[in-house]
2 protein chains.
Amino acid sequence: MQFTTALLTIDKNHQVPVYLQIANSLIGYIQQGRLKPTTPLPSSRIMASALNVHRNTVVAAYDELYAQSWVDVVPRKGIFVAANLPDVSSRPISKDVKPNAYPSKTFFEVDDNKVSYISMYKEKAGHNLTFNTGMPDTRLAPVELMVREYRRFAGYHFTQKYLMYGPEQGSLNLRTELSRFLGETRGLQVTAQEIIITKGAQMAIYLTAQILLSKNDVVIAADPGYSGANEVFLQAGAQLELVPVDEHGMDINAVEAICKKKKVKLLYVIPHHHMPTTVTLSSERRMQLLELARKYRFAILEDDYDYDFHYSCTPILPLASADYYGCVIYVGSFGKTIAPGIRIGFMVAPKNLITQATRLRRLIDRQGEQLLEEALANLLKNGDIGRHLKKANKIYHERRDVLRKLLQDKLSDRVSFKIPDGGFAIWIKYLNGINSTQVAEVAATMGLTITDGADYYFDNTYQHPYIRLGFASLNINELEQAINILAHAIKKLS
Amino acid sequence: MQFTTALLTIDKNHQVPVYLQIANSLIGYIQQGRLKPTTPLPSSRIMASALNVHRNTVVAAYDELYAQSWVDVVPRKGIFVAANLPDVSSRPISKDVKPNAYPSKTFFEVDDNKVSYISMYKEKAGHNLTFNTGMPDTRLAPVELMVREYRRFAGYHFTQKYLMYGPEQGSLNLRTELSRFLGETRGLQVTAQEIIITKGAQMAIYLTAQILLSKNDVVIAADPGYSGANEVFLQAGAQLELVPVDEHGMDINAVEAICKKKKVKLLYVIPHHHMPTTVTLSSERRMQLLELARKYRFAILEDDYDYDFHYSCTPILPLASADYYGCVIYVGSFGKTIAPGIRIGFMVAPKNLITQATRLRRLIDRQGEQLLEEALANLLKNGDIGRHLKKANKIYHERRDVLRKLLQDKLSDRVSFKIPDGGFAIWIKYLNGINSTQVAEVAATMGLTITDGADYYFDNTYQHPYIRLGFASLNINELEQAINILAHAIKKLS
C-alpha cells in the first residue's frame, strides 16, 4: 500500500496533541503491516497542506516517529518507513505453551488468616452527604501551596537527585524542620537523628510493632480504641490486654493491675483526643503512666495524630516531652494537616530504635517520596504549615460549635455527648435503645452516609449505642442538612 | 508601644510575598508582646503609602492576620490587635517536669539484631562521575509528562476524592490500564482484581515474604543475587538455600536437588537479566522451573523489574504468562521506567494471595499515593509510557554499545565480560588479580565513584573479582571520561 493522507483523520479538539495523533495513526498502519518497510512518506510540507495543519506539527510527528525508530530519514531523499522495524513482539517461553487466563487460586498453600482482618476502604456511591468518623475537609487542603513547591522543583537542577534513591530515614531537610516544629509546638527537644519519616502514623505503628514485639508479648491498649493499631499488634503475634477508658482517658489503675500480673512489653495510648471517644488524657494520669513505664520497663507508643487541632484550651504537652528515661515512642502525622491521602507521618524515638526502624523500612519499601518530603520541609520552613493550621483550627472550631448547637436544638432527647477540646469528631451516645446500625441503614436511604459504630470496640459482635460524628469535613450548610436527615431517620425508627 | 510603620521593613525581591512579610512582622511584634491587645493599626491606605506598596497588598496582609485571629476588625472604627490573642503556648504535663533533651537510648530492651542488615543509601559527596550498578538516567525521566498530569488534576473537582483515603489495593484505573499493558507487553491475561499496586517491587517482595513464609520455611534464591530480596526472606524467618547461576540463568538441577531433600516454600528468580550477572533465564529452564514448582508445590516469586528494557532481541515472555496452575507471583516496577525515586511497583498473583497482600498493606501504610497512581494510569492509557520506553531503549541501547566498545578498546586486557541483552549494566570480571575494592578506592581519588563489588554474593567476606558497571545513567561523553579514569586507576594499581 502506498501512503495517502486520506488515511489520516485528526481532531484538533481532542486532548491528545495533533502531532501525536498523526504519529500514532502512522504507527498503527505500520504495526498492522499496511505500510511496509521502506514505503516513502510525503514531505512535511505536502502532509501539512493536505491535513491543513502547521508544518511544524508534521515535523514534530516525524521527529516522534524517528525517535521511536519507526521511520528512516535519508538526507536529500526523504522519509521512509524504517527498513528494520522496532521489535514489537515477545517470544513465548515454548511453542507448546500459549498464554492463558491467570489462575484465580494459588497452587501452593496460602493461609487465608495469616493477616489480621480490618475493615477496608469502600468506594462511596453517588454524591451523598457523609458524616465520616473524623476527617479534615479536603477542600481546605493547602493544595496550592504543595503545587507551588512542586513548581519550584521543576526549575531546579538538583531535582534530579530526588528522582534517584534517597535516604531510608527520610529527607534530612524535613527531619531538621520537623525537629524545630516539634520543639516549638510540643516542647520536644529532639534532633533529626531521632526522627524517621514514615507513610502516615500507620507505618510508624507497624515499624514499632515489628521491631519490639515477639510472639505472645503483652501489649496494653484501650477499649474502645483504634482497630488500625490493635490489628498491627495482633499481626506481630502479640497478646492484647485491653483496659477501659473514661472521661480522663485510659484507666491507669487497670494498667498497673496488668503490670503486676504479666510482663508488659508495649502500651499504646492516644493521649490527645482518644480515638474514638475524643477524651484527653489528664496531666495526672500522664505522670502516672510515665512512672509505671519506668517501674515496669515497658515502652509507651504515644500516637498523637491530632495534637495540632485544639479549640477550647491550650493542649497538654505530649508524654514524650517529659520522658527522661527513653520510655516513649512518639508518632504523628501530617495526614490531618494536609490531607489524609498525602501520606507523611513520623516517629520520634531514641536512636537505637530509629536505627532498627530505618533498616526495616529499607526492607519494606526502601524509602518515601522524596519530592513530597522536600516540599513539606519547605512549607514547614516558610511557616506555611503553621499558618494553615491556624486557619483550619478557626474553621473547625466554628464547625464543632455549630454541630454542638444543632445536636442540642434538634436531637437533645435522642443523643447525649460531651464536647471535645479538639480533633475532628464528637462521640455520641444514642439514647433510649436507638440502634446505630438501623439509623445508618435508614439514613442511607435518605441520602446521608453515617457510621454504624462498628470497629470501635474490640468485641465487635456486641451492639453498643455509640458513634463518632465528624464535624470537620462538612461546612455549616452541610452540617445543618446532615443533622436534619439524621433527626428524620431517628424519628422514622421510633 | 504604638504602631509605627518604621517597625516594618520589606524586601520586594524576597521569595516570601510582600503581604506575608508584612503579616509575619506584625505577628512577631504581637507575639513578643511589643504590640499589645487592642492597639490600633493604621488604615490600609496609610500603611500602603508609608511602605510604598499597593493598597491591595496591605489588605491581603490584614486578611491574613484576621484569618489567623491576630487582629479584630471593628466596622467604621478600624483594625486593632486582637483583644483575645490566639493560644500560642501549651501546658507542660506537670510544673515539676520540664522538657528535656530526648534520651538517646531506649529504657526498654531493643534487640539490635532483630532487623536484617542491608547496606543503606549513602549521600554522594561532591559532583563526581558515578558508575552506578545499573540505574536509569533521571535526566531522561518523563518529568514533564508527570507534571502535565498533575496540572490536569489541579483543575478537577474529583481531585478532592484522591486527597482522602482510597483503595488499599491501589487505583482501579491504574490496575485496569496495567492489566492491558501487561497483556500487550508480556502476554499476561490478568484482570485488575489480580493486581495490587505497591511501593516499588521491594514492597511486593516484602508482602509476599510476610504472607507466605513462617519460621524456618525454605526459600531458594541464586548466588550471586539480589540482597534486597534475600534480606527480606531472612527477616521473615526463612532459611535461604542458594543455587549457582551460569550463562543460562539459575541452575535448575541444583534447585531440584534441594527439592528432593527439603520441603521448599518459595523460589525467588529474576529471569530477565539476573541481578547482578545480567544473564537471561533460557526458555528451556523456564519450562523446567514451572514443572518443578508444580511437582514440588512451591511458589515462584518472579521479579521481572527490567523486562521493559531489551536491546538485542525480543524478550522471552515471563514465567507467569505460561502458569496454568497458579504457581507464579509476578512482580515488577515503574521505578526504572520513570525514575527510581518514583515508587510505583506491582504484584500479580491469584486472587486469594492478592486479598492477603491487600490486608497486609492496609496494616503497613494503608495505601499508596493516589494522585501519583492516577497520573501513571493516564500515562499508560495515552500511550505515553510506551513511547517513553521506546525512546529510552534506543538511548540505552546506544550507551550499552558505546560502553562495550570502550571496554574493548581500553580495558580488554584488564577485564572480561559478556554483553547483556538488555537492562542497565554490564557484569565485569577483573582479570589478573585486580582487586575491586582497591580499584574503587583509587578511582574515588580521581573523581570516579564505582562499586567495590560488595553485596552481590551472600558471603560478602569473600573477595570476588566481579562488579556491575551501569551504562544507562551516563551519556556518551561521561562514559568516555569514566572509562578513562577507570583505566588510569587500574594502571596505577598494577
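Everything here concerns the structure above.
Quantities reported herein were computed from a predicted structural model and do not represent experimental measurements.

## Some words on the overall build of chain A
Next up, step 1: Secondary structure assignment for chain A yields 15 helices and 17 strands.
Next up, step 2: Rg of the C-alpha trace for chain A: 30 Å, well past the compact-globule value of 23 Å for 494 residues, more than 25% over.
Next up, step 3: By principal-axis analysis of the C-alpha atoms, chain A measures approximately 90 × 55 × 55 Å.
Next up, step 4: Per element, the accessible surface of chain A, about 20300 Å² overall, is 50% carbon and sulfur.
Next up, step 5: For chain A, the distance from the average position of its 57 positive side-chain charges to the average position of its 49 negative side-chain charges is 5 Å.

## Section: the packing of helix 3 (residues 55-67) of chain A against helix 13 (residues 384-411) of chain B
Next up, step 1: Interhelical geometry of helix 3 of chain A versus helix 13 of chain B gives an angle of 60 degrees and a closest axis separation of 9 Å. Classed by the angle they form, the pair helix 3 of chain A and helix 13 of chain B counts as oblique. Touching A:E64, A:Y66 and A:A67 of helix 3 of chain A are B:R387, B:K391 and B:K394, all from helix 13 of chain B.
Next up, step 2: Among the residues making up the contact of helix 3 of chain A with helix 13 of chain B, the classes are represented as 2 nonpolar, no polar and 4 charged.

## Notes on the relation of the copies chain B and chain A
Next up, step 1: The transformation that overlays chain B on chain A combines an axial shift of 0.0 Å with a rotation of 180 degrees, and the residual RMSD is 0.1 Å. This pairing of chains is accounted for by a two-fold axis.
Next up, step 2: Same-surface contact between copies: 100% of interface residues of chain B are shared with the interface of chain A.

## Quick notes on the side chain of B:T198
Residue and element names in this part refer to chain B.
Next up, step 1: Here T198 shows up in strand 5 (residues 195-198).
Next up, step 2: Judged by relative accessible area, which is 2%, T198 ranks as buried.
Next up, step 3: From its side chain, T198 meets the backbone nitrogen of F346 in a polar contact 3.3 Å long.
Next up, step 4: The residues touching T198, leaving out its near neighbours within four places in the chain, are M203, A204, L207, R343, I344, G345, F346 and R361.

## Observations concerning the pattern of salt bridges
All names here are of chain B.
Next up, step 1: Evaluated as defined, the whole model comprises 44 salt bridges over all chains.
Next up, step 2: E291 serves as the salt-bridge partner of R294, at 3.0 Å between the closest nitrogen and oxygen. Of the two residues, R294 and E291 both sit in helix 10 (residues 283-296), 3 residues apart, roughly one turn of that helix.
Next up, step 3: Its relative accessible area of 29% is what places R294 among the partly exposed residues.

## Observations regarding the environment of A:I485
All names here are of chain A.
Next up, step 1: Inspection of the secondary structure assignment puts I485 in helix 15 (residues 476-493).
Next up, step 2: Using a relative accessible area of 16% as the deciding quantity, one classes I485 as buried.
Next up, step 3: Taking C-alpha positions, I485 is 40 Å from A254, a pair spaced 231 residues apart along the chain.
Next up, step 4: Excluding residues within four positions of it along the chain, I485 makes contact with L129, A443, M446, G447 and L448.

## Notes on the interface of chain B and chain A
Next up, step 1: Contact residues are listed per partner, giving 138 residues for chain B and 138 residues for chain A.
Next up, step 2: Approximately 12500 Å² of surface area, both sides summed, lies buried where chain B meets chain A, with 58% of it carried by carbon and sulfur atoms.
Next up, step 3: Sorting the residues of chain B by area buried against chain A places B:I93, B:Y102 and B:F107 first, and these three jointly supply 8% of that buried surface.
Next up, step 4: Viewed at the interface, chain A and chain B are joined by 6 salt bridges.

## So, the sheet that holds strand 3 (residues 78-81) of chain B
Residue and element names in this part refer to chain B.
Next up, step 1: Taken together, the 3 strands give an open sheet; going across it, the order is 1-3-2, and neighbouring strands pair in antiparallel fashion. Each of the sheet's edge strands pairs with one partner strand only, and the pair in question is strand 1 (40-41) and strand 2 (71-74).
Next up, step 2: Those strands touched by helix 3 (residues 55-67) are strand 1, strand 2 and strand 3, and its axis lies near 110 degrees from that of strand 2.

## As for the state of the cysteines
Next up, step 1: On inspection of all chains with the given rule, the structure shows 0 disulfides over all chains.
Next up, step 2: Here A:C259 is not disulfide-linked; the sulfur of A:C327 is the nearest cysteine sulfur, at 12 Å.

## What to know about the packing of helix 6 (residues 172-186) of chain A against helix 12 (residues 370-382) of chain A
Residues and elements named next belong to chain A.
Next up, step 1: Two elements in contact, helix 6 and helix 12, have axes separated by 8 Å at closest approach and are oriented at 35 degrees. Crossing geometry of helix 6 relative to helix 12 is assigned as left-handed. Along the contact surface, helix 6 presents N173, L174, E177, L178, R180 and F181, while helix 12 presents E373, E374, L376, A377, L380 and K381.
Next up, step 2: When the residues that make up the contact of helix 6 with helix 12 are grouped by side-chain class, the tally is 6 nonpolar, 1 polar and 5 charged.

Cut-offs and rules
Residues numbered from 1 in each chain as written. Chains lettered and ligands numbered in written order. Predicted model: local features only at pLDDT ≥ 70, side-chain atom pairs only at ≥ 80, totals over all residues. Heavy atoms only, no water. Helix = DSSP H or I, 4+ residues; strand = E, 2+ residues; numbered from the N terminus. Rg over C-alpha atoms; globule rule 2.2 N^0.38 Å. Areas by Shrake-Rupley, 256 points an atom, 1.4 Å probe, with all protein chains shown as cover. Lys, Arg positive; Asp, Glu negative; His and termini not counted. Charge placed at Lys NZ, Arg CZ, Asp CG, Glu CD. Axes fitted to C-alpha atoms, helices over the stretch in contact; angles between N-to-C directions. Parallel < 35°, antiparallel > 145°, perpendicular 65-115°, else oblique. Contact = heavy atoms within 4.5 Å. Nonpolar A, V, L, I, M, F, W, Y, C, P; charged D, E, K, R; others polar. Least-squares fit on C-alpha atoms with pLDDT ≥ 70 in both. Buried < 20%, exposed > 50% of the residue type's maximum accessible area, 1.4 Å probe, protein only. Polar contact = N/O pair within 3.5 Å; in protein donor to acceptor, adjacent residues only side chain to side chain. Salt bridge = Lys/Arg side-chain N within 4 Å of Asp/Glu carboxyl O. Buried area = accessible area lost by both parts, 1.4 Å probe. Pairing = 2+ DSSP bridges. Disulfide = S-S within 2.5 Å. Left-handed = near helix turned anticlockwise from the far one by under 90°.

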